[in-house]
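Observations on the model geometry
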Amino acid sequence: MATSLVLVAVAILAYRSFNATGSQRLDQSSFYDAVTEGRVKEVTIVPDAIGFEIRGTLHSHDTSAKRFTTYVLADRNLTRILSEERVSVKAEAPRRGSVLRLLGPWIFLVIFGAVFVFFMRRMQQGGGQVLSLRRSRAKLSSPNGKITFKDVAGVEEAKQELQEVVEFLEEPDKFQNLGGKIPTGVLLMGPPGTGKTLLARAVAGEAGVPFFSVSGSDFVEMFVGIGASRVRDLFEQGRKNAPCIVFVDELDAVGRQRGAGVGGGHDEREQTLNQLLVELDGFESNDGVIVLAATNRPDVLDPALLRPGRFDRQIVVDRPDVHGREEIIRIHARKVPLNVDVELGLVARGTPGFSGAELANLVNEAALNAAGQCRETVTRADFEHAKDKGLMGSARRSLVVSEEERRAMAYHQAGHALLAHLLPEADPLHKVTILPRGRALGTTQQIPAEDRHTASRPY
């Protein structure tokens, strides 16, 4: 809007600058007649490339005088006529804008037309922007995705349950002939970084169908009705591309339990949730559209989302066990040159509780450390460095520790190591160090032989 006002102001000023002389405009014939009649006493001539701009005073028979301006094309007789009529002549240097002064009215019309067109386009774009707010922000991925179940490890039970979804997308008649109905929605629940989004992409890659991905926060806006419109648009796109998969990440952003909002529970987020509930299990059929959703907060979801007919299949995607961690590390280490001293099984044992994302970061940090040390392969020491950095932070080599404190820390860690060796059911000792990391001045690491889910009294 500000740009439009500036253009209008420029057009008005340009027109006024071209026409603000406040003098009478004469044509060439009238000027010559006034000269021969003796009504012109003095003139000022400003030449340019094609003629002369002439300014002067026009005297009338009643002794009144008016300023005038005229433009005369190049005429060799002009100076002779003015001399014969005893007109005082003054000359000024030519001005660059003289031609523009002639074209002033036309330039004004051109600028005015440009401003009009600009206004019309802005109005059209404004209407398009309002409509675009109501469109879904889902991203469509190619059906020929490269991510398959071979790229997912550590969640074998989840892969088996999702394999039924893949089979339905590939052979729907196999289930429909027996009266079976595939679940409308599948909810993936688990801690952050366990591979919920990766599993959804693998399902689409295995089935070879379009994959719409959108975040739960993309639905919620401050404008009333926008979120519900985006939900409708998302499912319309899904029905047009059926069979397909619609993946909603961070479902808790839009699927929180109703009744906790402002305005008596009828806020924008709850309207969006209501529309999502209708689309999942409403009057309109969604054949061929399978909705996958992921959340790490299933406890805050609205119960209506979890009832049969909506997200009736709930799959827990938990942190991997020791065998799953080893498989995940192998997947991420496929493109990493490993040294012969690297035992991926030992690395997996030393990372209990790590998620898939943390294991991917572990491999990446080990590769970066090896590159920083100018090594051609990633060694066991690189994995140890990456694990310690992830668990405790970077080494604080610049920390000033007195010799007495260092000796006391060595005695302390030696006590941990001695007990780990002597106690019968203690986990095997792995490493003892007094190198400060994070907020610890030293550490004693014990790696369990296998994952523990319970603890006995002697342990």
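Residues numbered from 1 in each chain as written. Predicted model: local features only at pLDDT ≥ 70, side-chain atom pairs only at ≥ 80, totals over all residues. Heavy atoms only, no water.

1. Focus on the overall build of the protein chain
For the protein chain, the helix and strand inventory stands at 15 helices and 13 strands. Expressed as a percentage of its 459 residues, the buried residues of the protein chain come to 38%. Long-range pairs, those at least 24 residues apart, make up 72% of the contacts in the protein chain with a sequence separation of at least 6. When the accessible surface of the protein chain is totalled, it reaches about 26700 Å², and 54% of it is carbon and sulfur. (Helix = DSSP H or I, 4+ residues; strand = E, 2+ residues; numbered from the N terminus. Buried < 20%, exposed > 50% of the residue type's maximum accessible area, 1.4 Å probe, protein only. Contact = heavy atoms within 4.5 Å. Areas by Shrake-Rupley, 256 points an atom, 1.4 Å probe, with all protein chains shown as cover.)

2. Focus on the packing of aromatic side chains
Evaluated as defined, the whole model comprises 1 aromatic pair. Seen from their ring centres, phenylalanine 211 and phenylalanine 247 are 6.0 Å apart, and the 20° between their planes marks the pair as stacked. Remark: phenylalanine 247 occurs in strand S9 (residues 244-249) and phenylalanine 211 occurs in strand S8 (residues 211-215); sequence separation between them is 36 residues. Residue class for phenylalanine 247 comes out buried when judged on its relative accessible area of 2%. (Phe/Tyr/Trp six-rings, centres within 6.5 Å; stacked < 30°, edge-to-face > 60°.)

3. A closer look at the sheet that holds strand S3 (residues 51-59)
Ordered in space as S1-S4-S3-S2-S5, the 5 strands form an open sheet in which the pairing is mixed. Edge positions in the sheet fall to strand S1 (24-26) and strand S5 (88-91), since each has one partner strand and no second. On average, each strand axis in the sheet is tilted by 25° relative to the strand beside it, whichever way the strands run. In this structure, S3 lies alongside strand S4 (residues 65-73), joined through 9 bridges in antiparallel fashion. Among the inter-strand pairings, arginine 55 is bridged to a residue of S4, identified as threonine 69. Of the strands in this sheet, S1, strand S2 (40-47), S3 and S4 are in contact with helix H2 (residues 28-36), which crosses S4 at around 120°. (Pairing = 2+ DSSP bridges. Axes fitted to C-alpha atoms, helices over the stretch in contact; angles between N-to-C directions.)

4. Some points on the packing of helix H11 (residues 322-332) against helix H13 (residues 356-372)
Working note: a packed helix pair is described by the angle between its axes plus the distance between those axes. Direction vectors running N to C along H11 and H13 enclose 45°, while the axes themselves pass 9 Å from each other. Regarding the angle of H11 to H13, the classification is oblique. Along this stretch, H11 crosses H13, giving a crossing that reads as right-handed. Counted together, Arg325, Ile328, Ile329 and His332 of H11 and Gly356, Leu359, Ala360 and Val363 of H13 form the full contact between these two elements. When its residues are assigned to classes, the contact of H11 with H13 shows 5 nonpolar, 2 polar and 1 charged. (Parallel < 35°, antiparallel > 145°, perpendicular 65-115°, else oblique. Left-handed = near helix turned anticlockwise from the far one by under 90°. Nonpolar A, V, L, I, M, F, W, Y, C, P; charged D, E, K, R; others polar.)

5. With respect to the side chain of threonine 70
Mapped onto the fold, threonine 70 is located in strand S4. Overall, the relative accessible area of 0% leaves threonine 70 in the buried class. For threonine 70, the residues in contact, after removing those within four places along its chain, are Leu26, Asp27, Gln28, Phe31, Phe52, Glu53 and Ile54.

6. Topic: the confidence of the model for the protein chain
Reading predicted coordinates in detail is not appropriate for stretches of low pLDDT. The predicted model of the protein chain has a mean per-residue pLDDT of 79, with 80% of residues at 70 or higher. In this model, residues 126-131 is a region of pLDDT below 50 whose contacts with residues beyond four sequence positions or in other chains number 0 contacts. (pLDDT = per-residue confidence, 0-100.)

7. Structural notes on the packing of helix H9 (residues 226-240) against helix H10 (residues 268-280)
In the contact formed by H9 and H10, the axes pass within 7 Å of each other and the chain directions differ by 25°. With respect to their mutual orientation, H9 and H10 come out roughly parallel. Between H9 and H10 lies a crossing of right-handed hand. Where H9 abuts H10, its residues Ile226, Gly227, Ala228, Val231, Arg232, Phe235 and Arg239 lie against Glu268, Gln271, Thr272, Gln275, Leu276, Glu279 and Leu280. Here the contact of H9 with H10 is built from residues that sort into 6 nonpolar, 4 polar and 4 charged.

8. A few points about H10
Since there are 3.6 residues in each turn of an α-helix, residues three or four apart along the chain are aligned in direction. Taking 1.5 Å of rise per residue, 13 residues should cover 18 Å, and H10 covers 19 Å from first to last C-alpha, within 8% of that figure. H10 sits mainly inside the fold: 10 of its 13 residues count as buried. Buried residues along H10 sit against H9 and strand S10 (289-295). (Expected span 1.5 Å × (residues − 1).)

9. Quick look at empty space enclosed by the protein
By the definition in use, this model includes 1 cavity of 30 Å³ or more. Its volume calculated, the largest cavity comes out at about 100 Å³. Around the largest cavity, the lining residues are Glu343, Leu346, Val347, Gly350, Arg380, Phe383, Glu384, Lys387, His430 and Ile447. The leading source of residues in the lining of the largest cavity is helix H14 (residues 380-392), at 4 residues. (1 Å grid on protein atoms, 1.4 Å probe; cavity = no way out; pocket = protein on both sides within 12 Å on 5 of 7 lines; lining within 4 Å. Points joined across faces, edges and corners; volume = space filled by probe spheres on them.)

10. Regarding the pattern of salt bridges
Taken as a whole and judged by the stated rule, the model has 11 salt bridges. As a salt-bridge pair, arginine 330 and glutamate 326 come within 2.9 Å of each other at their nearest N and O atoms. Here the residue arginine 330 and the residue glutamate 326 both occupy positions in helix H11, the gap between them amounting to 4 residues, near one helical turn. Judged by its relative accessible area of 41%, arginine 330 is partly exposed. For glutamate 326, a relative accessible area of 21% gives the class partly exposed. (Salt bridge = Lys/Arg side-chain N within 4 Å of Asp/Glu carboxyl O.)

11. Digging into the nonpolar core
Ranked by internal contacts, the top residues of the largest apolar core, which has 27 residues, are Leu162, Leu199, Val203, Ile245 and Leu292. At the level of secondary structure, the elements contributing two or more residues to this core comprise helix H6 (156-170), strand S7 (185-189), helix H8 (196-207), S9 and S10. In this structure, leucine 199 is in contact with Phe149, Val152, Val155, Ala158, Lys159, Leu162, Leu188 and Val317, ignoring residues within four places of it in sequence. (Core = buried A, V, L, I, M, F, W, Y, C linked by side-chain atoms within 4.5 Å.)

12. What about the pairing of S3?
Residues in a regular strand project their side chains so that they alternate between the two faces of the sheet. Across 6 bridges, S2 lies against S3 in antiparallel orientation. Within the sheet, the bridge partner assigned to proline 47 lies in S3 and is phenylalanine 52.

13. With respect to the side chain of lysine 387
When you line up the elements, lysine 387 lands in helix H14. Non-local contacts of lysine 387, meaning those with residues more than four positions away in its chain, are made with Gly350, Thr351, Leu362, His430, Gln445 and Ile447.

14. Looking at the environment of valine 152
Secondary-structure assignment places valine 152 in the loop between strand S6 (139-141) and H6. Using a relative accessible area of 5% as the deciding quantity, one classes valine 152 as buried. In this structure the C-alpha to C-alpha distance between valine 152 and glycine 356, which are 204 residues apart in sequence, comes to 9.3 Å. Every residue in contact with valine 152, bar those within four places of it in the chain, is listed here: Lys159, Leu198, Leu199, Ala202 and Ile331.

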